[in-house]
Amino acid sequence: MRGAVIHAPGDVRFESLDDPKLLHPTDAIIRTAVTCVCGSDLWPYRGAEPIGDPHPMGHEYVGFVEEVGSEVTAVRPGQFVVGSFATSDNTCANCKNGFQSNCLHREFMSTCQADYVRIPNAQGTLVATDEIPGEEFWPGLLAVSDVMGTGWWAADAAEVRPGSTAVVVGDGAVGLCAVIAAKEMGAERIIAMSRHESRQKLAREFGATDIVTERGDEGVEKIKELTGGIGADSVLECVGTAQAIHQALRSARPGGNVGFVGVPHEVAVDGQELFFSHVGLRGGPAPVRRYLPALVDRVLARRIDPGKVFDLTLPLEQVAEGYKAMDERRAIKTLLKPCPSRHLV
């Protein structure tokens, strides 16, 4: 098969790779329908995370089941499935408590920008649709496998409530999906922090009522100005930089909550500031599996359309251009389509 391999910062190549095989009876093999580049993939691409030896990339996927291990009964060959970037058995104590992304047998996906993918913990990770959905639904279902699920977690962790005011820090795919989530959870006012016109437009389409272009202390002051000097009930942090975290914490009202889902990079939170703020802070890798069935239903019912975050579609073989376009902010998120190829079985 073929797939994306990162060699060094700025150096992603489309190469021949070994076909995936069942390694455990809990595995499944899927043929990728569509995959994509994630904003978090840009951290190593930009040199902000170590790369080490060349290795495959990608953790978002939807596809067709090709083969299953002997212990996998929840899905079968031929079905269309959606999964999560964090695999889970969905039976351990952490899974039962709703934190499948902290499953005791968790494995993080990292090879999904490819023709075929091995899915560990397939029994608890994969959710099959009742029928094979039309291709017009594939982008939205792909978004559910990470960015929509992560945006939903941001809103859930920040305790967005009907009639509340929510602020979304970050206008990437996760931030835009967080706007959808806040809207679905009943927020009356949704303030999106964005400096990019195309992203502002999509944020408004998704439900944002206000746009704030300022950042840092100026951004915080603007949020306070819009909320009567108090701050927002819920702040959804979807970036992961120190500036974004501090901006989120200082934009929340006393007694408000921050959901932080951007992978932190060089972030340190001052204990004294947090203590006296009376702001709740919760985040981490999104428990996407908790939300998958409901989010899949919302997409298929056309209630939400998170697939609109994909504003560039390329064949998988042009994955390097997909990274470059996102790095240069010419694209919010790149959808990748594998070329038709042989079946493994």
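Residues numbered from 1 in each chain as written. Predicted model: local features only at pLDDT ≥ 70, side-chain atom pairs only at ≥ 80, totals over all residues. Heavy atoms only, no water.

Visitor: Honestly, the pattern of salt bridges in this entry has me stumped. Any pointers?
Guide: When the charged atoms of two side chains with opposite charge come close together, those side chains can pair. Under the criterion given, the structure shown has 21 salt bridges. Here Arg253 and Asp233 are joined by a salt bridge, their closest N and O atoms 2.6 Å apart. One end of the pair, Arg253, is in strand β15 (residues 252–260); the other, Asp233, is in strand β14 (residues 232–237), with 20 residues separating them in the sequence. Residue Asp233 is classed as partly exposed on the basis of its relative accessible area of 22%. The shortest N-O distance in the salt bridge between Arg330 and Glu328 comes to 2.7 Å. Relative accessible area serves as the criterion here: at 39%, Glu328 is assigned to the partly exposed category. It is possible to trace a salt-bridge network through shared partners that takes in Glu321, Lys324, Glu328 and Arg330. (Salt bridge = Lys/Arg side-chain N within 4 Å of Asp/Glu carboxyl O. Helix = DSSP H or I, 4+ residues; strand = E, 2+ residues; numbered from the N terminus. Buried < 20%, exposed > 50% of the residue type's maximum accessible area, 1.4 Å probe, protein only.)

Visitor: What is the right way to read unusual backbone geometry from this model?
Guide: In terms of backbone geometry, most residues other than glycine have negative phi values and most peptide bonds are trans. Look at Asn90: it is not a glycine, yet its phi comes out positive at around 65 degrees. On the secondary structure map, Asn90 appears in the loop between β7 (86–87) and α2 (93–96). Asn90 sits in the partly exposed class, given a relative accessible area of 27%. Despite not being glycine, His278 shows a phi value in the positive range, around 60 degrees. For His278, the location among the structural elements is in the loop between α10 (271–277) and β16 (280–283). Accessibility expressed as a relative area gives 61% for His278, which makes it exposed.

Visitor: Would you take a moment to explain the sheet that holds strand β13 (residues 210–212) for this structure?
Guide: Spatial strand order, β13-β12-β11-β14-β15-β16: six strands in an open sheet with parallel pairing. Two strands in the sheet have a free side with no partner beyond their single neighbour: β13 and β16. In this sheet, neighbouring strand axes are inclined to one another by 20 degrees on average, regardless of whether the strands run parallel or antiparallel. Alignment of strand β11 (residues 165–169) against strand β12 (residues 189–193), held across five bridges, turns out to be parallel. Paired with Val167 across the bridge in β12 is Ile191. Along the sheet, helix α6 (residues 173–184) makes contact with β11, β12 and β14, crossing β11 at roughly 170 degrees. (Pairing = 2+ DSSP bridges. Axes fitted to C-alpha atoms, helices over the stretch in contact; angles between N-to-C directions. Contact = heavy atoms within 4.5 Å.)

Visitor: Whenever I open this one, helix α11 (residues 288–300) confuses me. Can you help?
Guide: In an α-helix there are 3.6 residues to a turn, and that puts residues three or four apart on one side. Here α11 contains 13 residues, and its C-alpha end-to-end distance of 17 Å stays within 8% of the 18 Å for a straight helix at 1.5 Å per residue. Its axis deflected by about 35 degrees at Ala294, α11 carries its strongest bend there. When α11 is considered as a whole, its buried residues turn out to be Val288, Arg289, Tyr291, Leu292, Leu295, Val296, Arg298 and Val299. Summarising the contacts, the buried residues of α11 are in contact with β6 (80–82), α3 (122–125), β10 (127–128), α4 (138–144), α5 (147–157) and α6. (Expected span 1.5 Å × (residues − 1). Bend = angle between axes of the 7 residues up to and from the residue.)

Visitor: Looking at this structure, I do not really get the packing of aromatic side chains. What am I missing?
Guide: Two descriptors summarise a pair of aromatic rings, namely the distance from one centre to the other and the angle between the planes of the rings. Across all of its chains, the model carries seven aromatic pairs by this definition. With 5.0 Å between their ring centres and 85 degrees between their planes, Phe275 and Phe276 make a pair best called edge-to-face. Of the two residues, Phe275 and Phe276, both sit in the exposed class. The structure contains a cluster of three or more aromatic residues connected by ring pairs, namely Phe64, Phe80 and Trp138. Its guanidinium or amino end placed over the ring of Phe99, Arg290 lies 5.0 Å from that ring's centre, counting from NZ or CZ. (Phe/Tyr/Trp six-rings, centres within 6.5 Å; stacked < 30°, edge-to-face > 60°. Lys NZ or Arg CZ within 6 Å of the ring centre and 35° of its normal.)

Visitor: Even after reading the chapter, I still don't get the nonpolar core, so can you show me in this structure?
Guide: The tendency in soluble globular proteins is for nonpolar side chains to be buried side by side. Membership of the largest hydrophobic core comes to 59 residues, with the highest contact counts inside it found for Met148 and Leu236. Those residues in contact with Met148 that lie beyond four places of it in its chain are Ala143, Cys177, Ile180, Ala181, Leu295, Ile304 and Pro306. Of all hydrophobic cores here, the second largest spans 16 residues; its members include Ala4, Met57, Tyr323 and Leu336. (Core = buried A, V, L, I, M, F, W, Y, C linked by side-chain atoms within 4.5 Å.)

Visitor: How do you make sense of empty space enclosed by the protein when you look at a structure like this?
Guide: The tally for this structure, following the rule as stated, stands at one cavity of 30 Å³ or more. By volume, the largest cavity amounts to about 40 Å³. Considering the residues around the largest cavity, the lining is formed by Val168, Gly170, Asp171, Gly175, Leu176, Val179, Ala192, Met193, Ser194 and Ala203. Listing elements by their share of the lining of the largest cavity, those giving two or more residues are α6 and β12. Ranked by residue count, the leading element in the lining of the largest cavity is α6, at three residues. Residue composition of the lining of the largest cavity, grouped by class: six nonpolar, three polar and one charged. (1 Å grid on protein atoms, 1.4 Å probe; cavity = no way out; pocket = protein on both sides within 12 Å on 5 of 7 lines; lining within 4 Å. Points joined across faces, edges and corners; volume = space filled by probe spheres on them. Nonpolar A, V, L, I, M, F, W, Y, C, P; charged D, E, K, R; others polar.)

Visitor: Looking at this structure, how should I read the environment of Ser145?
Guide: Inspection of the secondary structure assignment puts Ser145 in the loop between α4 and α5. Taking the C-alpha atoms as reference points, Ser145 and Leu292, 147 residues apart in sequence, are found 7.6 Å from one another. When near neighbours in sequence (up to four residues on either side) are disregarded, Ser145 contacts Glu60, Tyr61, Val82, Gly83, Ser84, Phe85 and Val288. Among the polar contacts listed, one links the side chain of Ser145 to the backbone oxygen of Leu142, at a separation of 2.8 Å. (Polar contact = N/O pair within 3.5 Å; in protein donor to acceptor, adjacent residues only side chain to side chain.)

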